[in-house]
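# Chains, contacts and geometry: an overview
What follows is each chain in one-letter form.
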Amino acid sequence: MVRHSKQDALSDAEFERLVDAAYELDEPYVSQTLFVLYVSGRLGLRAGELAHIKESWVDWDRQQINIPRHDRCDFGKNGGYCGYCEQQARLAAKCNEDLSFDEALEDRWQPKTTTGARAVPFGWNDEIVSVVEAFFEIYDRWPRSRAVVNRRVTKVAEEAGMKSDEVYPHALRATAGTHHAYRGLSTLALQSLMGWERIDTARKYLRVSGGATAKALEEVYEDD
C-alpha cells in the first residue's frame, strides 16, 4: 500500500520540537533549517519551490511569497541549470516523445502544477516573518542544492530525536495543510495556499482534520 505524506504530517507539538532543535544547531544550519521548517511546515511550499526561491519572489510590502509560473533556473554551476532541473527535464522528455531534453530544460524552473504559481502570505505570524527576514538578511536565494533541503530536514529530525525517515520535506508540506485545516481555513483558501490542482485534496484535509467540525461545534455551544 502506498503511504501518503498526509499520514506523516506532524502535530503542532512535534513541529515545535523540530523548531527547538533547529535553534541548537550551529550556523549556517540554524537560519537555513528554520527557513525550511517554516516555509514548508507552515506556508506549505514544495521542496522544489523552496530550492529555487529568490528574494525577488518576496513582496515585502504585502508580506507574501509570489511563486512564478516560470523562472529560468540559474542555480547550477556558473549560472546554469541545477541538477534537479536537469533531472526533471530528462524525466519530462522521457515521458513525452514529442519533447526533447533541451525543450524540456527551457521550461525550468516552473512549479509542479499550474496552480503552483500562487501568492503565499506569511505576515499572519510574527515568528514566520522573523524567520523569513532573518534568512534574506543573509541570502538572496536558497544557497544550496535541492538535495540540501532534504539534508537539513534529516539533520534537525535527528537533533530532535525523531525518526528521520518519517520527517521529510513533503511531510512538512502535509503538516502545513493539516495545521491550517484543523484551524478551519476554508476549502478554497486552503487549496490556494497549498497550490493544489484539485479542490478535493483540500476537502480531504479538512474532513480528516476535524477542524471545521470542531469550529462548528464551538460556535453552536459557545453559550453553554
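Each remark here, short or long, concerns the structure printed above.
Below is a short write-up of the structure. None of the values given here were measured: they were computed from a predicted structure.

Looking now at the overall build of the protein. Of the regular secondary structure elements, the protein holds eleven helices and three strands. Its helices and strands in sequence order give the protein the pattern α-α-α-β-β-α-α-β-α-α-α-α-α-α, from N to C terminus. Here the C-alpha radius of gyration of the protein, 18 Å, is about what a compact globule of 224 residues would show, namely 17 Å. Taken over the C-alpha atoms alone, the protein extends approximately 65 × 45 × 45 Å along its principal axes.

Here we take up the environment of Asp-74. In this fold, Asp-74 is placed in the loop between strand E2 (64-66) and helix H4 (83-95). For the pair Asp-74 and Ala-176, spaced 102 residues apart in sequence, the C-alpha separation works out to 28 Å. Once residues lying within four places of it in the same chain are set aside, the contact partners of Asp-74 are Lys-54, Gly-79, Gly-80 and Arg-141. In terms of polar contacts, Asp-74 uses its side chain to reach the side chain of Arg-141, at 3.0 Å.

Turning our attention to the nonpolar core. Within the largest apolar cluster, 62 residues are counted, with the highest numbers of intra-cluster contacts made by Leu-18, Phe-35, Ile-65 and Trp-142. Among the elements that take part in this core, helix H2 (residues 29-41) stands out by supplying seven residues, more than any other. Apart from the residues within four sequence positions on either side, Phe-35 is in contact with Ser-40, Leu-50, Ile-53, Val-131, Val-132, Phe-135, Phe-136 and Trp-142.

The next point concerns helix H6 (residues 126-138). Compared with an ideal rise of 1.5 Å per residue, which puts 13 residues at 18 Å, H6 spans 19 Å between its outermost C-alpha atoms and is within 8% of the ideal. Along H6, the residues classified as buried are Ile-128, Val-129, Val-131, Val-132, Phe-135 and Phe-136. Down the axis of H6, the buried side of the element spans an arc of 165 degrees, and every buried residue falls inside it. Along H6, the residues that are exposed and aim more than 90 degrees away from the buried face are Asp-126 and Glu-137.

Along the polypeptide, Arg-46 turns up in the loop between H2 and helix H3 (47-50). You can call Arg-46 buried: its relative accessible area is 10%.

Going from Glu-27 to Pro-28, the amide bond is cis rather than trans, its omega being 10 degrees. In the segment running from Arg-108 into Trp-109, the intervening peptide bond is cis, with an omega of 5 degrees. Within the secondary structure, Trp-109 is located in the loop between helix H5 (101-106) and strand E3 (119-121). Although it is not a glycine, Gln-63 sits at a positive phi angle of roughly 55 degrees. Within the secondary structure, Gln-63 sits in the loop between strand E1 (58-59) and E2. Residue classification places Gln-63 among the partly exposed positions, given a relative accessible area of 26%. For Asn-78, which is not a glycine, the phi torsion comes out positive at approximately 55 degrees. With respect to the secondary-structure elements, Asn-78 resides in the loop between E2 and H4. Asn-78 sits in the exposed class, given a relative accessible area of 78%.

Rules used in this analysis
Residues numbered from 1 in each chain as written. Predicted model: local features only at pLDDT ≥ 70, side-chain atom pairs only at ≥ 80, totals over all residues. Heavy atoms only, no water. Helix = DSSP H or I, 4+ residues; strand = E, 2+ residues; numbered from the N terminus. Rg over C-alpha atoms; globule rule 2.2 N^0.38 Å. Contact = heavy atoms within 4.5 Å. Polar contact = N/O pair within 3.5 Å; in protein donor to acceptor, adjacent residues only side chain to side chain. Core = buried A, V, L, I, M, F, W, Y, C linked by side-chain atoms within 4.5 Å. Buried < 20%, exposed > 50% of the residue type's maximum accessible area, 1.4 Å probe, protein only. Expected span 1.5 Å × (residues − 1). Arc of directions from axis to C-beta.

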